[in-house]
Every structure is written in C-alpha cells, then in structure tokens.
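Structural overview for review
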Amino acid sequence: MTVPEPGSIAVARSAVEGLRGVLRDSGRSVEFQSADIRVSVAPGRVNLLGGHTDYNEGFVLPVAVDRFVSCALYPGDTGILEFHSLDLGDSFQLDLASLDELRDDPDRFDELAGGCRAMWRRYVAGVILEMDEAGIPVVSGIAAITGNIPIGSGLSSSAALEVSVYLACGKGAGATVEAALLCQRAENRWAGVPCGIMDQYTSLLAEAGKAIFLDCRHLTCRHVPLPEGCAITVINSGIQRELADGEYRRRRLEIESALGILRKAVGPIAALRDLPAGDLAEVEDLLPQPLLKRVEHVVGAIERVEKGAVSLTLGERERFGELMVECHRSLAERYEVSIEELDLIVESAISVDGVYGARLTGAGFGGCCVVFHREGCREELESAVAGAYRARSWKEPVFHHLSAAPGARVLNAEDMSGSGITEL
Ligand code: GLA
C-alpha cells in the first residue's frame with residue numbers, strides 16, 4: 001500500500017476542519033467520525049518537458065507536485081450536493097434529481113456558474129454533470145474544498161479540483177484513465193477551456209518520486225524515477241495567466257489551420273504527432289507564418305520529450321536540463337507563449353552552478369517556471385533569480401521547493417488514523 005504524502009494529509013485535515021465549520025455555522029451540528037466522511041486529495045502538476053504537445057497527441061513528461069486540493073464530503077440522503085469553497089468563501093448547491101435540466105439549459109448553467117469568480121463552480125458542476133452522464137452514481141451531501149496550489153499559476157489547480165471532486169463524490173470512483181478523460185471533458189465542456197489530457201492524467205496517475213512519460217495518443221505511460229540527488233523548484237513569476245485561455249485557444253486554432261493545409265498537401269495526418277521532425281523541411285514552403293513556427297515547435301518538442309525520457313532514465317541530468325532549456329526557447333520563439341519575466345527566470349536560473357535546466361511550465365503567458373537542479377543549491381538559485389528581479393525593480397517572485405508526489409486518492413480509515421483527522 002502506498003503511504004499518503006504528508007502534505008496531502010495536512011490539506012485533507014483542513015478540508016475536514018472546514019467541513020465541520022460549515023456544518024456548525026449552518027446550525028447543523030453533526031458529530032461525525034472519520035468513517036462517516038469521504039475525503040479525497042489530488043495533486044497539482046508541473047511539466048518538465050513537452051509544452052503544448054498533449055493536444056497534438058504527442059508526449060509530455062510531467063510530475064505531480066506535493067501541493068494538493070482536498071474535498072471532504074459528509075454524505076447525506078437529501079439528493080442535494082452542496083459545495084463550499086473554503087478558500088474562495090463561495091458555495092452552491094446541485095439538485096441531483098435535476099441534473100438533466102441543468103445539462104440541457106445553458107442559461108441555467110450560466111446562472112449557477114456565471115462570472116469569473118465562480119469559475120471554480122464550473123469545474124465542480126462540470127465534473128458532476130459528466131459523472132451523471134457517464135452513469136457513475138453521485139453521492140449527495142455537503143462538501144468542503146480547500147487546497148494549497150496557487151491558482152492561475154500553471155500548476156493545474158483546476159485539474160486537481162476536478163479530480164478531488166470526482167473521487168470524493170463518485171460512488172466507486174477510482175484513479176483511472178477514464179477518470180482523467182471525464183475530468184478533461186468537464187473542463188473542455190463546462191469551463192470552456194480546451195485543455196489537453198496531461199493535467200488530469202498526471203493528477204490521477206502519478207507515482208511518488210517519478211515523472212510520467214505520457215503518450216497522449218494512446219493514453220499509456222511509463223513512470224520514470226527522478227535521479228537521486230535532484231530537486232525541483234517552481235518559481236512563480238507573479239504574473240497571473242489572465243490572457244492564457246484566449247491565447248491557448250488561439251494556438252489550438254492555429255494548429256488546426258496548419259493541419260488543414262498539411263492534410264491537403266501530404267495526405268492524412270491525424271495530429272502533428274504524425275509529422276516526423278525529419279519531414280519538416282518538406283512542408284516548410286506550404287505553411288505561412290506564424291503557422292510554420294508553431295508546427296516547428298510542436299514537432300521539435302515531441303521529439304525532445306522522447307529524448308528526455310531516455311536521458312532521465314539513464315540519469316543524464318545535464319542532458320535533460322539542456323533539453324528543458326531548448327524547450328523553453330522554442331516555446332518563447334516559435335510558440336510565442338513566454339513573457340519577459342519567465343525568460344528572465346530561466347536565464348538567471350541556468351546561470352547558477354548546480355542548475356541543470358529550467359523552462360516555463362503550463363500554458364505560458366505568466367505563471368511559473370520549473371527548475372531542475374542538484375539538491376543543495378536552493379539558496380544560490382533563489383538569490384540569482386530574486387536578484388535579477390530586483391535589478392528590474394520587479395516584485396520578488398515566489399519559490400516553491402517541490403517533491404514528486406503520488407497521484408490522487410481517497411483517504412481510508414488507516415490513512416486517517418494517526419493523521420490527526422480522526423481526532424478533529
Ligand atoms: C495547459 C493545459 C495542458 C497543456 C499545457 C501546455 O496546462 O491544461 O493540457 O496543453 O497547457 O503544455
């Protein structure tokens with residue numbers, strides 16, 4: 001049996017405490033034992049290699065990180081599922097008997113989950129609607145949600161939220177590829193974000209201390225242990241990814257246009273995965289800019305992930321780090337999803353002795369960079385990057401020293417005993 005990550009237990013504890021508070025504040029002073037509640041924890045993720053390759057049916061190489069979202073559900077037989085976001089101070093209810101009406105009436109859904117602040121409601125309600133449609137029985141009751149993944153920073157707090165709700169509220173729900181697809185569908189359909197499969201897959205199926213070499217076409221993976229003595233630091237640029245969704249969608253449309261042109265010229269291509277790097281020269285004249293740059297990035301990035309998985313397996317940290325930096329530069333120059341702050345973080349990080357590589361992670365346009373380095377050079381890293389920021393009079397970035405966490409799970413009685421949750 002895998003041991004739950006200690007950080008995840010702390011977040012689960014906060015969710016359970018919050019749940020107790022919600023029940024108390026609403027006058028429903030229910031005394032529950034840990035066995036009465038369902039508590040799930042789901043990690044965020046950071047992608048080491050392969051930016052914007054998942055929706056091109058290519059490869060990615062993410063790790064789940066020890067930052068989590070937890071959902072604690074006190075089941076009841078009311079047929080109503082009530083969600084409380086402890087961090088956003090917002091709550092809403094779903095009547096499980098009228099999910100069909102909600103699904104069929106976009107105005108009703110918008111009324112429930114309208115406005116930007118209520119984006120979290122879209123993810124949560126989306127998961128419930130998708131579970132219902134897939135025939136997975138949903139448990140009614142009162143749920144409290146909390147987490148410690150910084151929102152909007154590219155660490156996939158949204159996927160962790162979806163996964164935690166899925167596991168806590170779905171009867172018999174487990175960490176499977178189908179679960180990842182369902183959560184991705186919830187985000188695509190109900191939150192309107194056309195994301196790929198990487199985030200949900202990683203949150204559900206990661207293993208501690210390992211990266212996931214994920215084939216986004218066949219949805220199969222190989223867990224690759226991170227070499228001994230290596231560490232991961234994520235640096236938050238401080239720039240929220242406000243434009244990300246619009247630009248993300250634009251990149252996806254550009255890829256579709258490029259595929260349209262390529263299909264006419266060279267025949268059936270299901271996705272850019274089917275275009276080997278060696279064939280790029282042949283299609284050069286077919287694609288106008290910026291489509292050519294976009295395609296060049298994706299094709300190169302897919303190839304780089306395959307090489308990176310080999311390097312990591314062989315423990316070739318320097319080579320792996322070089323691939324990360326190449327990936328960042330390609331994301332910046334060809335995919336044009338970087339910003340000045342992220343470029344500065346990468347350049348100042350890789351100037352530090354002991355840093356193997358760095359790159360932006362997630363969609364780009366702000367959010368975080370991931371740095372892969374030798375253990376024991378955190379201070380030098382922080383001082384180099386913070387110094388570079390200070391020299392431009394920018395507000396200091398935030399550093400997160402992270403470990404590769406296991407995938408999401410529902411905590412069982414054994415996990416809870418000794419964790420302090422039973423004594424709350
Ligand atoms: C976001 C999406 C992922 C992936 C990355 C870019 O995080 O949610 O599916 O496309 O951007 O690699």
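The structure contained in this document is the topic of the report that follows. (Residues numbered from 1 in each chain as written. Predicted model: local features only at pLDDT ≥ 70, side-chain atom pairs only at ≥ 80, totals over all residues. Heavy atoms only, no water.)

Some details on the state of the cysteines
The tally for this structure, following the rule as stated, stands at zero disulfides. Free cysteine: Cys71, not disulfide-bonded; nearest cysteine sulfur from Cys169 at 4.7 Å. The class for Cys71 is buried, based on a relative accessible area of 0%. (Disulfide = S-S within 2.5 Å. Buried < 20%, exposed > 50% of the residue type's maximum accessible area, 1.4 Å probe, protein only.)

Looking at the site of the ligand
In the region of the ligand, the neighbouring residues are Arg45, Gly51, His52, Asp54, Tyr55, Cys195, Gly196, Met198, Asp199, Tyr248, Gly362 and Ala363. Within the backbone of Gly196, one N or O atom sits 2.9 Å away from an oxygen atom of the ligand. The side chain of Tyr248 places a nitrogen or oxygen atom 2.6 Å from an oxygen atom of the ligand. Each residue belonging to the shell around the ligand can be placed in one class, and the counts come to five nonpolar, four polar and three charged. (Near = heavy atom within 4 Å. Polar contact = N/O pair within 3.5 Å; in protein donor to acceptor, adjacent residues only side chain to side chain. Nonpolar A, V, L, I, M, F, W, Y, C, P; charged D, E, K, R; others polar.)

Thoughts on the packing of aromatic side chains
Enumeration according to the criterion identifies eight aromatic pairs in this entry. Here the aromatic rings of Tyr55 and Tyr248 are separated by 5.5 Å at their centres, their planes lie at 70 degrees, and the arrangement is edge-to-face. Of this pair, Tyr55 sits in the loop between strand 1 (38–47) and strand 2 (59–60) while Tyr248 sits in helix 8 (residues 244–266), and the two are 193 residues apart along the sequence. Given a relative accessible area of 12%, Tyr55 falls into the buried group. (Phe/Tyr/Trp six-rings, centres within 6.5 Å; stacked < 30°, edge-to-face > 60°. Helix = DSSP H or I, 4+ residues; strand = E, 2+ residues; numbered from the N terminus.)

Side note on the nonpolar core
By size, the foremost hydrophobic cluster in this structure holds 127 residues, and its most contacted members are Phe83, Ile128, Val165, Tyr166 and Cys169. Dropping the residues within four chain positions of it, Tyr166 is found in contact with Val127, Met131, Ile136, Ala173, Gly174, Ala179, Leu182 and Cys183. (Core = buried A, V, L, I, M, F, W, Y, C linked by side-chain atoms within 4.5 Å. Contact = heavy atoms within 4.5 Å.)

What to know about the packing of helix 10 (residues 291–313) against helix 11 (residues 317–333)
Axis angle and axis distance: for two packed helices, these are the angle between their axes and the distance between the axes, and together they describe the pair. Direction vectors running N to C along helix 10 and helix 11 enclose 165 degrees, while the axes themselves pass 10 Å from each other. Here helix 10 lies roughly antiparallel to helix 11, going by the angle between them. The crossing of helix 10 and helix 11 is left-handed. Only Arg319, Phe320, Leu323, Glu326, Cys327, Ser330, Leu331 and Glu333 of helix 11 make contact with helix 10, whose side of the interface consists of Lys293, His297, Arg304, Lys307, Gly308, Ser311 and Leu312. (Axes fitted to C-alpha atoms, helices over the stretch in contact; angles between N-to-C directions. Parallel < 35°, antiparallel > 145°, perpendicular 65-115°, else oblique. Left-handed = near helix turned anticlockwise from the far one by under 90°.)

Quick word on the pairing of strand 3 (residues 62–75)
Within strand 3, 12 of the 14 residues are buried, which leaves the element mostly enclosed by the surrounding structure. With 10 bridges connecting them, strand 1 and strand 3 associate as antiparallel partners. Bridging from a neighbouring strand, Pro43 pairs with Phe68 of strand 3. Here strand 3 runs beside strand 6 (residues 141–147); their pairing, made up of seven bridges, is antiparallel. (Pairing = 2+ DSSP bridges.)

What to know about the sheet that holds strand 12 (residues 398–402)
Taking strand neighbours across the sheet as the criterion, the four strands line up as 10-11-9-12 in an open arrangement whose pairing is antiparallel. Each of the sheet's edge strands pairs with one partner strand only, and the pair in question is strand 10 (355–360) and strand 12. When strand polarity is set aside, the average angle formed by the axes of neighbouring strands in this sheet is 20 degrees. Where helix 12 (residues 340–350) meets the sheet, its contacts fall on strand 9 (230–236), strand 10 and strand 11 (368–374), and the angle it forms with strand 10 comes to roughly 175 degrees.

Some words on the side chain of His84
Position of His84 relative to the elements: it lies in strand 4 (residues 80–85). Look at His84 and you get buried, because its relative accessible area is 15%. At a separation of 2.7 Å, a polar atom in the side chain of His84 contacts the side chain of Glu82. In contact with His84, not counting residues within four places along its chain, are Val22, Asp90, Ser91, Trp120, Ile142, Ala143, Ala144 and Ile145.

Some details on helix 12
Residues separated by three or four positions in an α-helix point in the same direction, a consequence of the helix having 3.6 residues per turn. For helix 12, the complete set of buried residues consists of Glu341, Leu342, Leu344, Ile345, Val346, Ser348 and Ala349. Those residues of helix 12 that are buried are in contact with strand 9, helix 11, strand 10, strand 11 and helix 13 (378–391).

Remarks on the pattern of salt bridges
Counted under the stated rule, the structure contains 29 salt bridges. Notably, a salt bridge pairs Arg103 with Asp132, separated by 2.8 Å at the nearest N-O pair. Of this pair, Arg103 sits in helix 2 (residues 99–104) while Asp132 is found in helix 4 (residues 119–133), placing the two residues 29 residues apart along the sequence. Accessibility expressed as a relative area gives 15% for Arg103, which makes it buried. (Salt bridge = Lys/Arg side-chain N within 4 Å of Asp/Glu carboxyl O.)

Re the layout of surface pockets
Here the second largest pocket is characterised by a volume of approximately 280 Å³. Lining the second largest pocket are 18 residues, with Cys230, Ala231, Ile232, Glu375 and Leu402 sitting closest to its centre. Contributions of two or more residues to the lining of the second largest pocket are made by strand 9, strand 11 and strand 12. Top element by residues in the lining of the second largest pocket is strand 9. It accounts for four residues. Along the lines of polarity and charge, the residues of the lining of the second largest pocket split into eight nonpolar, seven polar and three charged. (1 Å grid on protein atoms, 1.4 Å probe; cavity = no way out; pocket = protein on both sides within 12 Å on 5 of 7 lines; lining within 4 Å. Points joined across faces, edges and corners; volume = space filled by probe spheres on them.)

Side note on the side chain of Arg359
Looking at the secondary structure, you find Arg359 in strand 10. For the buried Arg359, no salt bridge exists, and the shortest N-O distance to an oppositely charged side chain is 10.0 Å, to Asp54. Side-chain polar atoms of Arg359 contact the backbone oxygen of Asn47, separated by 2.9 Å. Not counting residues up to four positions away in its chain, the partners in contact with Arg359 are Asn47, Leu48, Leu49, Gly50, Gly51, Met324, Cys327, His328, Leu331, Val346, Cys369 and Val370. (Lys, Arg positive; Asp, Glu negative; His and termini not counted.)

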